[in-house]
Amino acid sequence: MTARPRLRFLGTVVESARQTTLRLCRQRLWWIVLGSIFALVAVGWLLGMRLGERTNGQSLFCILAWWLHGTVLVPWFALYVGVQAVHGSLEDRTALYLFLRPVGRVPLLLGNWLAVSILSASVAVLGTLALFVGLAANPEVWTDGVHGHVAWVFAGSLALGAVAYAAAAVFFSAAVRRPLVWAAFFVVGLQQLTANLPVSAGLRQFTITDPLRRLVLDGIEPDARLADLLWPAETFQPEKIGTPIVDLAWLVGVTLVLACWFYRRTEYDARPRD
């Protein structure tokens, strides 16, 4: 008797994720994503051709993958798609029709988050590999030869980051009236400043950027110069990496619980478009 409600809950999550994925894939945004993938290949190739003696291909890849892809493209994409998935259906009132059906709001929201997480993580991985392919086209600038290890470290780390940013987007979409504005301010603005300024480690632990950076640095094992370029506000100490995956898991869990609480208790109506 206890298994049937659980199956209904999981079934609703899966079906919500499926329908959300189909709805998001019909948007013209994906043409921009495709163009951006090719643009990242071109950026890596062109910069690799002009690379001087002060750095090498691996260091340049790490810098671009972190500062361009990891802190700009991945967060903005996940936030935008997450807001479109949740707030968009509230905005055009299609969610109100679903609320009248005999399904719970919580599995609907979790399905939205799952769809956004899968799409955002896929784009994060593809963008990382695109940068790597562009730079790998110039093997002469790689000091010890082209090694794909750093690409897979960044791809896995940024995929986890995309999942966290998707959870933040879902929370702001469920809780506030201007989710994209608030998400941009708190997630991309405030948390980036907190993670990149010399503040306490405990405060940085509540951001997405700081656990991601610790995860990346632990995986690529950089030299002192590269570590300073990726983390200018701190001196990298491998023994203080901590548990970045656990920190991200806690952040995602708390964010989703709050998002579900707001989504379940709030009476939504049509809203003007941001």
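To start, this report covers the structure provided alongside it. (Residues numbered from 1 in each chain as written. Predicted model: local features only at pLDDT ≥ 70, side-chain atom pairs only at ≥ 80, totals over all residues. Heavy atoms only, no water.)

## Some points on a nonpolar patch on the surface
Phase 1 of the analysis: On the surface, a cluster of nonpolar side chains totalling about 420 Å² of accessible area is made up of V43, L47, L68, V72, L73 and W76.
Phase 2 of the analysis: Secondary structure elements with two or more residues in the nonpolar patch: α2 (29–49) and α3 (57–91).
Phase 3 of the analysis: The greatest single-element share of the nonpolar patch, amounting to four residues, is contributed by α3.
Phase 4 of the analysis: Inspection of the secondary structure puts V43 in helix α2. (Patch = residues over 30% accessible without salt bridge, like charges linked within 9 Å, V, L, I, M, F, W, Y side chains within 5 Å. Areas by Shrake-Rupley, 256 points an atom, 1.4 Å probe, with all protein chains shown as cover. Salt bridge = Lys/Arg side-chain N within 4 Å of Asp/Glu carboxyl O. Helix = DSSP H or I, 4+ residues; strand = E, 2+ residues; numbered from the N terminus.)

## What to know about the packing of aromatic side chains
The geometry of an aromatic ring pair is captured by two quantities: the separation of the ring centres and the angle between the planes.
Phase 1 of the analysis: Evaluated as defined, the whole model comprises eleven aromatic pairs.
Phase 2 of the analysis: Each ring, one from F171 and one from F262, has its centre 6.0 Å from the other, and the planes form 70 degrees; the classification is edge-to-face. Linking F171 in helix α6 (residues 149–175) with F262 in helix α11 (residues 244–265), this pair joins segments that are 91 residues apart in sequence.
Phase 3 of the analysis: According to the relative accessible area criterion, F262 is partly exposed, its value standing at 26%.
Phase 4 of the analysis: With centroids separated by 5.4 Å and ring planes inclined at 10 degrees, the aromatic side chains of W182 and F186 adopt a geometry described as stacked. Separated by four residues within a single helix, W182 and F186 lie in helix α7 (residues 179–196), roughly one turn from each other.
Phase 5 of the analysis: Residue W182 is classed as partly exposed on the basis of its relative accessible area of 40%.
Phase 6 of the analysis: Aromatic rings pair up to connect F171, F172, W182, F185, F186, W261 and F262 into one cluster. (Phe/Tyr/Trp six-rings, centres within 6.5 Å; stacked < 30°, edge-to-face > 60°. Buried < 20%, exposed > 50% of the residue type's maximum accessible area, 1.4 Å probe, protein only.)

## Examining the packing of α7 against helix α9 (residues 209–220)
Phase 1 of the analysis: At a minimum axis distance of 9 Å, the contact between α7 and α9 shows a crossing angle of 50 degrees. In this view, α7 runs oblique relative to α9, as classed from their interaxial angle. Across the interface between the two elements, Q191, Q192, A195 and N196 from α7 touch T209, D210 and R213 from α9.
Phase 2 of the analysis: Of the residues belonging to the contact of α7 with α9, the class tally is one nonpolar, four polar and two charged. (Axes fitted to C-alpha atoms, helices over the stretch in contact; angles between N-to-C directions. Parallel < 35°, antiparallel > 145°, perpendicular 65-115°, else oblique. Contact = heavy atoms within 4.5 Å. Nonpolar A, V, L, I, M, F, W, Y, C, P; charged D, E, K, R; others polar.)

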